[in-house]
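The chain contents come next:
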Amino acid sequence: MSTFKAPRGTYDLIPPDSATYLAVRDAIAAPLKRSGYGYVETPGFENVELFARGVGESTDIVTKEMYTLTTKGGDQLALRPEGTASVLRAALEANLHKAGNLPVKLWYSGSYYRYERPQKGRYRHFSQVGAEAIGAEDPALDAELIILAHDAYRSLGLRNFRILLNSLGDATCRPAYRAALQDFLRGLELDDDTRRRIDINPLRVLDDKREAVQKQLVGAPMLGDHLCEACKEYHEQVRELLTAEGVAFEDDPKLVRGLDYYTRTTFEFVHDGLGSQSAVGGGGRYDGLSEMIGGPALPSVGWALGVDRTVLALEAEGVELDLPSATSVFAVPLGEEARRVLFGAVTGLRRAGVATDFAYGGKGVKAAMKAANRSGARLAVIAGERDLAEGVVQLKDLESGEQTAVPLDGLVEAVSARLG
Ligand code: AMP
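Residues numbered from 1 in each chain as written. Predicted model: local features only at pLDDT ≥ 70, side-chain atom pairs only at ≥ 80, totals over all residues. Heavy atoms only, no water.

An unreviewed UniProt entry annotates the protein as Histidine--tRNA ligase originating from Streptomyces bingchenggensis. Recorded under Subcellular location (unreviewed entry), the UniProt text for the protein is reproduced unchanged: "Cytoplasm". (UniProt positions renumbered as here; feature names shortened; annotations may be inferred.)

Caption draft 1: Structural context of the sheet that holds strand β4 (residues 76-79). One open sheet accounts for 3 strands, arranged β2-β4-β3; its pairing is antiparallel. The open sheet has two edge strands with one neighbour each: β2 (45-47) and β3 (68-70). Taken pair by pair, the neighbouring strands of this sheet meet at an average axis angle of 35°, ignoring direction. With 3 bridges connecting them, β2 and β4 associate as antiparallel partners. Within β4, the residue paired with F45 across the bridge is L79. Seen against the sheet, helix α2 (residues 48-55) touches β2, β3 and β4 and runs at an angle of roughly 80° to β2. (Pairing = 2+ DSSP bridges. Helix = DSSP H or I, 4+ residues; strand = E, 2+ residues; numbered from the N terminus. Axes fitted to C-alpha atoms, helices over the stretch in contact; angles between N-to-C directions. Contact = heavy atoms within 4.5 Å.)

Caption draft 2: Structural view of a positive patch on the surface. Where like charges cluster on the molecular surface, the positive patch consists of K363, K366, K370 and R374. Its place among the elements puts K370 in helix α13 (residues 365-374). (Patch = residues over 30% accessible without salt bridge, like charges linked within 9 Å, V, L, I, M, F, W, Y side chains within 5 Å. Areas by Shrake-Rupley, 256 points an atom, 1.4 Å probe, with all protein chains shown as cover. Salt bridge = Lys/Arg side-chain N within 4 Å of Asp/Glu carboxyl O. Lys, Arg positive; Asp, Glu negative; His and termini not counted. Charge placed at Lys NZ, Arg CZ, Asp CG, Glu CD.)

Caption draft 3: How the structure looks around unusual backbone geometry. A cis amide bond links P15 with the next residue in sequence, P16, at an omega value of 0°. Topologically, P16 is positioned in the segment before α1 (17-33). Residue P103 is reached from L102 by a cis peptide bond, and omega for that bond is 0°. With respect to the helices, strands and loops of the structure, P103 is situated in the loop between α4 (84-93) and β5 (104-113). The backbone phi angle of N95 is positive, close to 55°, even though this residue is not glycine. Judged by its relative accessible area of 34%, N95 is partly exposed. Residue R264 is not a glycine yet carries a positive backbone phi of 45°. Here R264 is to be found in strand β9 (residues 263-271). A relative accessible area of 6% means that R264 is categorised as buried. (Buried < 20%, exposed > 50% of the residue type's maximum accessible area, 1.4 Å probe, protein only.)

Encoded structure:
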């Protein structure tokens, strides 16, 4: 062990488990790639103001959880705590929305940082795959994104997740509701912090996890009863589209989510095997965000799914992904001359697209064959002086133990035929 450890709240992805993480990222991205979403990558840090304005000055993320830093040049930066504000900033900066082809559909994958109290499923460094559809107000787009996340989870073999759905209204109906909710909340017995929240962001009080607070919230006005006609109609269409595609959801009138920028559709994917950190992904519509960060009006919708928690969900359900072995062929040279020749054969196999590894480190035959078996390879290519003198190598099936000589100059073909 070295003197150093991974910082608190973080962990390393190492083989063989890291293969599951890659597969989860790929599985979440696959439906997006099939649906017109282009890949976007933004820096790991941004101007702190982008998040303060974009995520919301009153959110836990901005007030408590951001890793901020001042550069030697005096810039105030923050490690990104989430993806949406950055992706929208990048799209606006590149004028993607002006190319005349709205919505701009983008997907991303990367590391995010929040200074949270670490526990199982809650880390200070975590990984998300996200998708954003920028510049269109269309219930089919909200439904598309929910369906794509649903299909991604299903493709991984997950079953025990639920989709919670709500509408947060818009600039027409939310202000009146907000005022009604504030009136109600001011009559409750709440601590100072929560009281402050009533002024800044009363909807988030609904999200309070404490039982003492939840008890008092019985009878609180619900946004669903205050939606304007346009929001009601929009939400109904999202619900109908999901139902038509066989995607089950639960209406959750208290679903608010921790970020300020959501309007209308909000949703969360929860998994019942994860204990308190049960949200595996979430998202919604954020029609006002572009203007909040200095852009034009661009109604948009998106989600982010947590890779770490999705892996935990797979574990909770006992789902083993069918991961192909990283190595198909393992080469074992017997002697110096064979070493030189087989190294060339390994390079040739790799260039032909066959995943191949080699017994490095001058191992004896026994250790080399052990390494071959451990690698998960299906075939071993073994050669000694006598084989080479005959222009052949031994191709050994590591499952059946069957071994045959094949010509060295026909190795790629012989291996390809065996691997199918
Ligand atoms: P949020 O932006 O908070 O809605 O997060 C979207 C998803 O990212 C969540 O549903 C989680 O799966 C994941 N996530 C958020 N914060 C953390 C964290 N601290 N540790 C692990 N995963 C997280």
